[in-house]
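# Remarks on the overall topology
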Amino acid sequence: MLLAGDIGGTKTVLAVFSPETGPREPLFEAVYRSADYVGLETIAADFLEKSGFSVNRASFGVAGPVLRGKASITNLHWNLDEDYLSRRLRIPEVHLINDLEAVAHALPHVVPSDLHALNIGRPAPRSTMAIIAPGTGMGEAFLAWDGAHYRVCPSEGGHSDFAPGTPLEGELLKHLQGKMDHVSLEMVCSGKGIPHIYGFLRDTGFGEEPAWLSDKIQAAEDPTPVIMKTALDDPAISPMCAKTVEMFVSILGSAAGNLALTVMSTRGVFIGGGIPPRIIPALDNGRFMKSFSRKGRMAAFLKKVPVHIILNPRLPLIGAACLGVGGNRESS
């Protein structure tokens, strides 16, 4: 029996799985508000008592970096340790993985309702898959077929250099180079990056910022939802917000195409993270795929690569369960 979890700064989702029912059908599941507890061990102990199940393995996808079996949770003062959790919960085998790696483990098990297609393409069986995920930050990972299973390969590609694909993006790079030592992809293509794009357009005279929008942005703890909602609700109200989202989509498309070429992801590129499902109309209008395939002699190759937006927010939990109940075998 496996205890699997999706551990985030806002909520913690725990579930019990068995090899017989598989990673998509939990036997028992519960959701906890993370901030109400001093640590994962407290939540897990409460969960196991209520579930009535005895488990011998645990796999947790965590919203933060994992190094040598230890992790810290972004936006939450928890420090996790595999050995400590194993002793405290009396579970012989405990694994911590980054939440994006957990999503990657789930990719061989996705069903059509988990996804929204941007490009149907021609998926090649048992070939590489890639995931790029703009949320608060930018995450990347890929899966490689080893002859029997998919192996998840983590990446820190979100911290690679931002590569402009248009003259305006080139001006954005120069603008940000005057403000920071290193302009990474994450600094322009994430929740952190959207305010940087908007600020560039505002500060370089692309348009005027109306007082009501300035007040909203200044009052917001996070300006990104304000900018995105304004752009999607009525682009004419704020051309700068609309242009910000356009540039974000173009940059994301180019970065996804770069990743597809780097790892030869002919099984597909999957767009994860919290932002893409909220801006599907902006991703669906052709701008993303134009930027994705704008790679000179490789354009024809990229037009055959399937591209999907991940819609299912449960994939981190499913992926954590996949890691514990049998690995990533090929699925249709």
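Residues numbered from 1 in each chain as written. Predicted model: local features only at pLDDT ≥ 70, side-chain atom pairs only at ≥ 80, totals over all residues. Heavy atoms only, no water.

## What to know about the pattern of salt bridges
A full pass over the atoms with the stated rule returns 11 salt bridges. The residue K70 makes a salt bridge to D81 at a minimum N-O spacing of 2.2 Å. In this pair, K70 is assigned in strand β6 (residues 70–72) and D81 in strand β7 (residues 79–81), connecting sequence segments 11 residues apart. Its relative accessible area of 46% is what places K70 among the partly exposed residues. A network of salt bridges, in which partner residues are shared, links K243, E246 and R287. (Salt bridge = Lys/Arg side-chain N within 4 Å of Asp/Glu carboxyl O. Helix = DSSP H or I, 4+ residues; strand = E, 2+ residues; numbered from the N terminus. Buried < 20%, exposed > 50% of the residue type's maximum accessible area, 1.4 Å probe, protein only.)

## Some details on the sheet that holds strand β5 (residues 66–67)
A sheet is described by the order of its strands in space; here 3 strands give the open sequence β5-β6-β7, paired in antiparallel fashion. Edge positions in the open sheet fall to β5 and β7, since each of these has one partner strand only. Across 2 bridges, the pairing between β5 and β6 is antiparallel. Each bridged residue has a counterpart across the sheet, and for V66 the counterpart in β6 is A71. (Pairing = 2+ DSSP bridges.)

## Overview of the packing of helix α5 (residues 193–203) against helix α7 (residues 223–233)
Put simply, α5 and α7 touch, their axes get as near as 8 Å, and they point 65° apart. Our pair here, α5 against α7, has a crossing hand that is left-handed. The segment α5 lies against α7, with I194, P195 and Y198 engaging P223, T224, I227 and M228. Looking at the contact of α5 with α7 residue by residue, the classes come out as 6 nonpolar, 1 polar and no charged. (Axes fitted to C-alpha atoms, helices over the stretch in contact; angles between N-to-C directions. Left-handed = near helix turned anticlockwise from the far one by under 90°. Contact = heavy atoms within 4.5 Å. Nonpolar A, V, L, I, M, F, W, Y, C, P; charged D, E, K, R; others polar.)

## Regarding the side chain of N312
The residue N312 is located in the loop between β14 (307–310) and α12 (315–325) in this model. Engagement of the side chain of N312 in a polar contact is seen with the side chain of D114, the distance being 2.7 Å. Within polar-contact distance, the side chain of N312 engages the backbone nitrogen of R314 at 2.8 Å. Excluding anything up to four places from it in sequence, N312 contacts R24, D114 and I318. (Polar contact = N/O pair within 3.5 Å; in protein donor to acceptor, adjacent residues only side chain to side chain.)

## What to know about the packing of aromatic side chains
The description of an aromatic ring pair uses the distance of the two centres, along with the angle that the planes make with each other. For the structure shown, the criterion picks out 4 aromatic pairs. A ring pair is formed by F288 and F292, whose centres lie 6.1 Å apart and whose planes are at 20°; its orientation type is stacked. Of this pair, F288 and F292 both sit in helix α10 (residues 287–293), 4 residues apart, which is roughly one turn of the helix. F292 matches F288 in its accessibility class, with the two residues each being buried. (Phe/Tyr/Trp six-rings, centres within 6.5 Å; stacked < 30°, edge-to-face > 60°.)

## Section: the sheet that holds strand β9 (residues 115–119)
In space, the 6 strands of this open sheet follow the order β9-β14-β13-β10-β11-β12, with mixed pairing throughout. At either end of the open sheet lies a strand with only one pairing partner, and these are β9 and β12 (150–155). Strand-to-strand, the axes of this sheet are offset by a mean angle of 25°, without reference to chain direction. Here strand β11 (residues 138–145) runs beside β12; their pairing, made up of 6 bridges, is antiparallel. Across the sheet, L143 pairs through a bridge with V152, a residue of β12. Against the sheet, helix α8 (residues 239–263) engages β10 (129–134), β11 and β13 (268–271), with an angle of about 155° to β10.

## Considerations on helix α6 (residues 211–219)
For α6, every residue scored as buried is listed here: L213, S214 and I217. End-on, the buried residues of α6 take up no more than an arc of 100°, which puts them together on one face. Exposed residues pointing more than 90 degrees away from the buried face of α6 are listed as A211 and A219. Where the residues of α6 are buried, they touch α5, α7 and α8. (Arc of directions from axis to C-beta.)

## Looking at the nonpolar core
Among the nonpolar cores identified, the biggest contains 52 residues, and V269, F288 and F292 are the most heavily contacted of them. At 13 residues, the largest contribution of residues to this core is made by α8. Apart from the residues lying within four places of it in its own chain, the contact partners of V269 are A130, I132, A256, A260, F292, V305, P306, V307 and H308. A44, L48, I91 and L96 belong to the second largest nonpolar core, which has 25 residues in total. (Core = buried A, V, L, I, M, F, W, Y, C linked by side-chain atoms within 4.5 Å.)

## Concerning unusual backbone geometry
Of note in this structure, R68 is not a glycine but carries a positive phi near 50°. Here R68 shows up in the loop between β5 and β6. Take R68: its relative accessible area is 75%, and that puts it in the exposed class. In this structure, R90 is a non-glycine residue whose phi angle is positive, near 55°. Here R90 is to be found in the loop between α2 (82–89) and β8 (93–98). For R90, a relative accessible area of 77% corresponds to the exposed category.

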